Amino acid sequence: MNISIIARRSFYSCARLCIREKKESIVHPTKHLVQDLQQKKRDSYRLTSFPESTPLTPTESRMATKLFAKPTRFLTSVFDSDKLPPYQKPEIAFVGRSNVGKSTLINRLTNNSKLVKTSSKPGHTKSLNFFDIAGQITLVDMPGYGFRSQEAWGDLILYYLRNRTQLKRLFIVIDPVAGIKETDKQIMQILDQQPLSYQVILTKRDRLSEEAFQKSKSTIEQYLVENAICCYPEILATGKRRKSKKDNLEQLTQDITRVQWAILTATGSTSSTSQ
């Protein structure tokens, strides 16, 4: 792979977080970092768990919702790698196993229930679908992997991941009910080899009790800590409102706003949004 492409990858958000956590730990050790005694340097630490997420500030929440309140429009669908559009705006992409809830998540993020259509046959969507978010960010909806779609999925997706310098972060959507599957592990290994920054989003939170959800999240987080290299150290979560759970609306709203904020920080759009 061309080294210059790797050099142009954007790891600003992840790098800054790791640097900050490392510096803080030297003075005030935190439970998610332990000193690596096998390393010669005293300030060498290794990650044992993800840092605990802090709530968004009111300003951050307003900035996130403000951007995604603006119109999102479909741009194009791409079926062949040689026809990828030359868009220059920072891109974020969503990928996950078929039927994981990716389309529902994107529609909720953009406040448009009809933006992304769900295929009636899981695994049959084979195109990269590009969307413009407020003229500032390009969102890419990738084909689901799994079932019989993997062979057709491979060439286009792999080419996109290996060559798209505009891509700032890939969001891997995982169903916490099912947990991490082998296909999820394979895509993470591919991303670690690139290298390319990615972040995990757990969908269908509403289908589990809080205890069961936290247990699943903890298991997934531990796998990421032990095996992932380029994974951003924060797991996001989303769900949808159910009549049987009347008190979960505020939590669901906060969850989706946090995903929106993650997109802003990954693409470096926080300063332009505040203007």
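The name given to the chain in an unreviewed UniProt entry is GTP-binding protein 8, with Phascolomyces articulosus as the source organism. What the UniProt record of the chain gives under Cofactor (unreviewed entry) is the line "Mg(2+)". Under the Sequence similarities (unreviewed entry) heading, UniProt states for the chain: "Belongs to the TRAFAC class TrmE-Era-EngA-EngB-Septin-like GTPase superfamily. EngB GTPase family."

1. Description of the environment of Gln222
Relative to the assigned elements, Gln222 resides in helix H7 (residues 210-227). Distance in space between the C-alpha atoms of Gln222 and Phe50 is 8.6 Å, their sequence separation being 172 residues.

2. Some points on the nonpolar core
Counting residues in hydrophobic clusters, the biggest one holds 39 residues, and the most contacted among them are Leu128, Met142, Tyr160, Leu161, Ile172, Met188 and Leu224. Looking at this core, the elements that each hand over two or more residues are strand E4 (91-96), strand E5 (128-133), helix H5 (150-163), strand E7 (167-174), helix H6 (182-193), strand E8 (198-202) and H7. Discounting residues that sit within four places of it in the chain, Leu128 has contacts with Thr76, Ser77, Val78, Leu84, Val140, Asp141, Met142, Pro143, Leu156, Ile157 and Tyr160. Counting residues in each nonpolar core, the second largest holds 27 residues, with Leu105, Ile106, Ile137 and Ile263 among its members.

3. Here we look at unusual backbone geometry
Omega for the bond connecting Gln194 with Pro195 falls within 30 degrees of zero, at -5°, which places this linkage in the cis form. Positionally, Pro195 belongs in the loop between H6 and E8. The phi angle at Lys204 is positive, at roughly 55°, despite the residue not being glycine. Structurally, Lys204 is set in the loop between E8 and H7. The buried category is assigned to Lys204, whose relative accessible area is 15%.

4. A closer look at helix H4 (residues 102-109)
Counted residue by residue, H4 has 6 buried out of 8 residues, so it is predominantly covered. For H4, the set of buried residues is Lys102, Ser103, Leu105, Ile106, Asn107 and Leu109. Tucked inside the fold, the buried residues of H4 contact helix H3 (58-69), E4, strand E6 (137-141), E7, E8 and helix H8 (249-267). Phi turns positive, to about 55°, at Asn111, one or two residues after H4.

5. What to know about the confidence of the model for the chain
When the pLDDT values of the chain are averaged, the result is 80; 73% of them are 70 or greater. Low pLDDT (under 50) marks residues 1-29, which in the prediction has 46 contacts with non-local residues, meaning those over four places away or in another chain.

6. Here's the deal with the packing of aromatic side chains
Counting across every chain of the model gives 4 aromatic pairs. Note on Phe94 and Phe171: the rings are 5.2 Å apart at their centroids and 20° apart in plane angle, and the pair reads as stacked. A residue pair is termed long-range when its members are at least 10 positions apart, and Phe94 in strand E4 and Phe171 in strand E7 qualify at 77 residues. Note on Phe94: relative accessible area 0%, which makes it buried. Relative to Tyr160, the ring of Phe130 lies with its centre 6.4 Å away and its plane at 80°, an arrangement referred to as edge-to-face. Here the residue Phe130 occupies a position in strand E5, and Tyr160 occupies one in helix H5, the gap between them amounting to 30 residues. Among the residues examined, Phe130 registers a relative accessible area of 0% and is labelled buried. In this structure an aromatic cluster arises from ring pairing among Tyr87, Phe130 and Tyr160. Positioned over the ring face of Tyr232 is Arg169, at 4.2 Å from the centre of the ring.

Procedures and definitions
- Residues numbered from 1 in each chain as written.
- Predicted model: local features only at pLDDT ≥ 70, side-chain atom pairs only at ≥ 80, totals over all residues.
- Heavy atoms only, no water.
- UniProt positions renumbered as here; feature names shortened; annotations may be inferred.
- Helix = DSSP H or I, 4+ residues; strand = E, 2+ residues; numbered from the N terminus.
- Core = buried A, V, L, I, M, F, W, Y, C linked by side-chain atoms within 4.5 Å.
- Buried < 20%, exposed > 50% of the residue type's maximum accessible area, 1.4 Å probe, protein only.
- Contact = heavy atoms within 4.5 Å.
- pLDDT = per-residue confidence, 0-100.
- Phe/Tyr/Trp six-rings, centres within 6.5 Å; stacked < 30°, edge-to-face > 60°.
- Lys NZ or Arg CZ within 6 Å of the ring centre and 35° of its normal.

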